[in-house]
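Architecture at a glance
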Amino acid sequence: MREHPDTLPLVPIASGQGAWLTGLDGRRYLDAVSSWWTNIHGHAKPRIVAAIAAQAAQLEQVILAGFSHRPAIELAERLLTIAPRQADRAPLAKVFYADNGSAGVEVALKMAFHWFRNAGQTQRSRFVALANGYHGETLGALSVGDIPLYRRTYAPLLSECIFAPSPDAYGCENEAQAEQQALAAAEQLADIFERHRGEICAVIIEPLLQCAGGMRMHHPTYLRRVRELCDTHGAFFIADEIATGFGRTGTMFACEAADVQPDFLCLSKGLTGGFLPLAAVLTTQTVYQGFLDDSRERAFLHSHSYTGNPLACAAALASLDIFAADAVIERNQPLMARMAEHRQSIARLPHVADARQTGMVCAFELARDGNKHTPFAPELRVGLAAYKAALAHGVILRPLGDVLYWMPPYCITPAELDLLAEITCHAIENATSCA
Ligand SMILES: *Cc1c(COP(=O)(O)O)cnc(C)c1O
């Protein structure tokens, strides 16, 4: 707030349409970060607007304990039909709703832990997460997150988690090296499993893309190895696809890139097309069965007031309708190719150390001389300078430190992508020339 009065005035937004937001003063901004990665189809998408309006006139909210409603049931069924699936495994079969991403992560963590308690394996109480991972801000989710800026202050309140090295391919020259990096990180995960035999209840990761950790990307081989290791050692695999889910990495879910099916799939952010908060945690019949008991202690007692809210479920159903009716995943392919072309030209700028892409996400790592080993001094706030330069030209980039990224709504047009690239280029040159 210190910065907002002068250095960084707040930008009041009055309305949105497609990939654009309009300020109270009438200025327009291209929303290149999909309003914190949520707004996947664009703002004010008529189909979702209509679905919410119709649902509001019918049933806006009802207690989801002892009661149910059509949108919640339909959404659960549809999520299960599109969920990642491995031919040799029993499919994901049950859905538990919460009302935001962090709460969804809490659900998966508590359920994994509690399942082993119910199974009499009380020694299985530890979680493994990845270095540089992010899973939300509530205390449980923060415990399995590894970003110091968010975590450090609250460390005394957090439960202990084992962090495995990230398979992050940053610095790799080609795909073969990225795969080697993934295999090496998987070896270290294997060592952790050996050292903690019988103690680990679940591994939680962001598949393919560590978003809040600076849009760091890894090779899909890592996911296959995590699946194998979890199976070998009898632990659950929790895929946090809150940011990657719903087409962001090029397929409907990131897990598909490796043909793996997790035991828990956490979804939120894009779930409702960015209209309303909602989370869904998908899991297996086996997990469900572990809680089916006469004892209340063994049941999973976890709820939020707005769990499975009908308006949010209706928005999510409309978003899935858009995926089907507009063949969104297929139609994103040429957009991804266009992004790749622009990425390659931005990669040639002198201060761009790395320009990477996974599906509908591009990230540009800024450094002193395009040499990955010499970042800008943090106090120069080069990323912030780039943000301001882009904003002045009507584009919303919201860098993570000195990492600029594009995570546009899928309704973005090729011409809008060209504009985005041009202004990003300008912003990078502007921010790095005086640094
Ligand atoms: C955003 C995010 C969360 C937390 O979701 P909120 O709705 O912000 O609580 C969890 N995991 C990942 C991977 C995320 O990107």
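Heads up: these notes are all about the structure in this document. (Residues numbered from 1 in each chain as written. Predicted model: local features only at pLDDT ≥ 70, side-chain atom pairs only at ≥ 80, totals over all residues. Heavy atoms only, no water.)

1. Observations concerning the overall build of the protein chain
- When you go through the protein chain residue by residue, the secondary structure sums to 13 helices and 16 strands.
- Taken against the 2.2 N^0.38 rule, which gives 22 Å for 435 residues, the C-alpha radius of gyration of the protein chain at 22 Å falls within 12% of a compact globule.
- Counting only C-alpha atoms, the protein chain reaches 65 × 55 × 45 Å along its principal axes.
- Here the protein chain holds 435 residues, and the buried ones make up 54% of them.
- Entry remark: accessible area of the protein chain is about 18,800 Å², with carbon and sulfur atoms responsible for 54%.
- Taken as two groups, the 36 positive and 45 negative side-chain charges of the protein chain have centres that lie 2 Å from each other. (Helix = DSSP H or I, 4+ residues; strand = E, 2+ residues; numbered from the N terminus. Rg over C-alpha atoms; globule rule 2.2 N^0.38 Å. Buried < 20%, exposed > 50% of the residue type's maximum accessible area, 1.4 Å probe, protein only. Areas by Shrake-Rupley, 256 points an atom, 1.4 Å probe, with all protein chains shown as cover. Lys, Arg positive; Asp, Glu negative; His and termini not counted. Charge placed at Lys NZ, Arg CZ, Asp CG, Glu CD.)

2. What about a nonpolar patch on the surface?
- Together, L139, Y154 and L157 make up a nonpolar patch on the protein surface, roughly 310 Å² of accessible area in all.
- Note on placement: L157 falls in the loop between α6 (148–151) and β6 (162–164).
- Classification of L157 by relative accessible area gives exposed; the value is 57%. (Patch = residues over 30% accessible without salt bridge, like charges linked within 9 Å, V, L, I, M, F, W, Y side chains within 5 Å. Salt bridge = Lys/Arg side-chain N within 4 Å of Asp/Glu carboxyl O.)

3. Thoughts on the site of the ligand
- Close contacts around the ligand come from W37, N100, G101, S102, Y134, H135, G136, E206, D240, I242, A243 and K269, and that covers them all.
- K269 places a polar side-chain atom, nitrogen or oxygen, 2.7 Å from an oxygen atom of the ligand.
- Relative to its free-state accessible area of 380 Å², the ligand is covered by the protein chains to the extent of 83%. (Near = heavy atom within 4 Å. Polar contact = N/O pair within 3.5 Å; in protein donor to acceptor, adjacent residues only side chain to side chain.)

4. Re the environment of A119
- Here A119 shows up in the loop between α4 (101–118) and β5 (126–130).
- Residues A119 and G290, spaced 171 residues apart in sequence, show a C-alpha to C-alpha distance of 7.1 Å.

5. Observations regarding the state of the cysteines
- Across all of its chains, the model carries zero disulfides by this definition.
- C161 takes part in no disulfide bond, and the closest cysteine sulfur to it belongs to C201, at a distance of 9.9 Å.
- Judged by relative accessible area, which is 13%, C161 ranks as buried.
- Free cysteine C266: the closest other cysteine sulfur is in C255, separated by 10 Å.
- Residue classification places C266 among the buried positions, given a relative accessible area of 1%. (Disulfide = S-S within 2.5 Å.)

6. Some points on the packing of aromatic side chains
- Here the structure, examined in full by the defined rule, presents twelve aromatic pairs.
- When the ring of F236 is compared with that of F264, the centres are 5.3 Å apart and the planes differ by 90°; the resulting orientation is edge-to-face. Taken as a pair, F236 in strand β10 (residues 236–240) and F264 in strand β11 (residues 264–267) lie far apart in primary sequence, 28 residues in all.
- Assessed through its relative accessible area of 9%, F236 is described here as buried.
- Judged by its relative accessible area of 0%, F264 falls in the buried class.
- Between the aromatic rings of F291 and F300, the centroid separation amounts to 5.7 Å while the plane-to-plane angle is 70°, which identifies the pairing as edge-to-face. (Phe/Tyr/Trp six-rings, centres within 6.5 Å; stacked < 30°, edge-to-face > 60°.)

7. Description of the packing of helix α2 (residues 46–58) against helix α10 (residues 310–325)
- Taken N-terminus to C-terminus, the directions of α2 and α10 make an angle of 145°; their axes are 8 Å apart at the nearest point. For the crossing formed where α2 meets α10, the hand is right-handed. Counted together, R47, I48, A51, I52, Q55 and A56 of α2 and P310, L311, A314, A315, A318, S319, D321, I322 and A325 of α10 form the full contact between these two elements.
- Each residue belonging to the contact of α2 with α10 can be placed in one class, and the counts come to eleven nonpolar, two polar and two charged. (Axes fitted to C-alpha atoms, helices over the stretch in contact; angles between N-to-C directions. Left-handed = near helix turned anticlockwise from the far one by under 90°. Contact = heavy atoms within 4.5 Å. Nonpolar A, V, L, I, M, F, W, Y, C, P; charged D, E, K, R; others polar.)

8. Side note on the nonpolar core
- M215 and F246 are the most contacted members of the largest nonpolar core, which totals 113 residues.
- A per-element tally of this core places α10 first, with ten residues.
- Among all residues touching M215, those that are not within four sequence positions of it are W37, L209, Q210, R356, V361, A363, L400, Y405 and M407.
- By size, the runner-up hydrophobic cluster in this structure holds 28 residues, among which are V107, A108, L109 and V144. (Core = buried A, V, L, I, M, F, W, Y, C linked by side-chain atoms within 4.5 Å.)

9. Thoughts on α2
- Counted at 1.5 Å a residue, the expected span for α2 with its 13 residues is 18 Å, and the 18 Å between its end C-alpha atoms agrees.
- In this fold, the buried residues of α2 make contact with α3 (70–82) and α10. (Expected span 1.5 Å × (residues − 1).)

10. Some words on the sheet that holds strand β15 (residues 395–396)
- Across the sheet, four strands lie side by side as β1-β2-β3-β15; this open sheet has mixed pairing. Two strands bound the open sheet, and with one partner strand each, they are β1 (13–17) and β15.
- Bridge analysis of strand β3 (residues 28–31) against β15 gives two bridges, and the strand direction is parallel. Directly across from L30, in β15, lies its bridge partner V395. (Pairing = 2+ DSSP bridges.)

11. As for the environment of A32
- One can find A32 in the loop between β3 and α1 (34–37).
- Along the chain, A32 and A202 lie 170 residues apart, while their C-alpha atoms are 34 Å from each other.
- Once residues lying within four places of it in the same chain are set aside, the contact partners of A32 are V395, I396, L397, Y405, W406, M407, P408 and L420.

12. A word on the pattern of salt bridges
- This structure, assessed with the given rule, holds 18 salt bridges.
- Taking the shortest distance from any N to any O, the salt bridge between R89 and D263 comes out at 3.9 Å. Highlighted residues: R89 in the loop between α3 and β4 (92–98) and D263 in the loop between β10 and β11, separated in sequence by 174 residues.
- Judged by its relative accessible area of 21%, R89 falls in the partly exposed class.
- Exposure remark for D263: the relative accessible area of 9% places this residue in the buried category.

By themselves, these figures tell us nothing about what the structure is for.
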